[in-house]
Amino acid sequence: MYITLGTEKHYAVTSTALGIVEVRYILEDAPDKLGDTIKLWTADGGMCLRTDTVADWSHPRIEGNSIILSNTAPAEPVRPSLSDVQAQRIAESKTGLAEYLESHPLTWTDGKQYSVTEDKQALLTGNLAAYQLAVTLGQTTELTWNATGEECTVWTFENLAMLAIAIKAYVKPLVAYQQKTEIAIRACSTVEDVEAVTIDYEAVS
């Protein structure tokens, strides 16, 4: 089947919903505008199955690939609440930080790159703490760590501790930026203000 809108152009119909209070034509390609009448034809064009006068409906419209003839106004979109938008933007700031840390490893004094993700930081701190505990208990143990894309190698406690300190210093301004951004988002009194808050970790020096 197809429909015509008062012109010679045809619009193929994929499905219909022909009700009393609403008529829907789902099309392969939606028209730019409605004409005065809408005619539904058989696939071969030999018979007009239905004719609708657009002016007879109080709320005719095009939505996506659908023509809707209805006497009921479309539902107004539900605007998210201020708290919902704040929560979404705060989550965005945290995700943005995690993604930035994932894609921006630290280049250390040995010229190699080291991951600075939250998980790697926690693992590094745990390794150093476990080594110190083993030494306190008189146990012999090795410290190992790896550069990005490389296998683990043996480190001295002093060198690995210096790497941990360097990572903390590298990450600190980025974490501070996320916290500052979160505070700014929570302080907003309108959705528009929340949406206007910039989240850009590339701008952190």
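Our subject is the structure that appears above.
Residues numbered from 1 in each chain as written. Predicted model: local features only at pLDDT ≥ 70, side-chain atom pairs only at ≥ 80, totals over all residues. Heavy atoms only, no water.

1. Observations regarding helix 2 (residues 118-136)
- The terminal C-alpha atoms of helix 2, which comprises 19 residues, lie 27 Å apart, in line with the 27 Å expected from a rise of 1.5 Å per residue.
- Taken as a whole, helix 2 has its buried residues at Q121, L124, L128 and A134. Projected down its long axis, helix 2 carries its buried residues within an arc of 165°, all on one side. Residues E118, D119, A122, L133 and T136 are exposed on helix 2 and point more than 90 degrees away from its buried face.
- The secondary structure elements touched by the buried residues of helix 2 are helix 1 (82-103), strand 10 (143-145) and helix 3 (157-186). (Helix = DSSP H or I, 4+ residues; strand = E, 2+ residues; numbered from the N terminus. Expected span 1.5 Å × (residues − 1). Buried < 20%, exposed > 50% of the residue type's maximum accessible area, 1.4 Å probe, protein only. Arc of directions from axis to C-beta. Contact = heavy atoms within 4.5 Å.)

2. Focus on the packing of aromatic side chains
- Enumeration according to the criterion identifies seven aromatic pairs in this entry.
- Ring geometry for Y100 versus Y201: centroids 6.2 Å apart, planes at 35°, classification tilted. With Y100 in helix 1 and Y201 in the segment after helix 4 (191-196), this pair connects stretches of sequence that are 101 residues apart.
- Owing to a relative accessible area of 5%, Y201 belongs among the buried residues under this scheme.
- When the ring of Y177 is compared with that of Y201, the centres are 5.1 Å apart and the planes differ by 70°; the resulting orientation is edge-to-face. (Phe/Tyr/Trp six-rings, centres within 6.5 Å; stacked < 30°, edge-to-face > 60°.)

3. Comments concerning the pairing of strand 2 (residues 10-18)
- With three bridges connecting them, strand 1 (residues 2-4) and strand 2 associate as antiparallel partners. Note on strand 2: the bridge partner recorded for T4 is H10.
- Linkage of strand 1 to strand 2, two consecutive antiparallel strands, is achieved through a turn of five residues, within which G6 is found at a positive phi near 90°.
- As paired elements, strand 2 and strand 3 (residues 22-27) share five bridges and run antiparallel to each other. Note that in strand 3 the partner of T16 across the bridge is Y25.
- Hairpin geometry of strand 2 and strand 3 is characterised by an intervening segment of three residues between the two adjacent antiparallel strands. (Pairing = 2+ DSSP bridges.)

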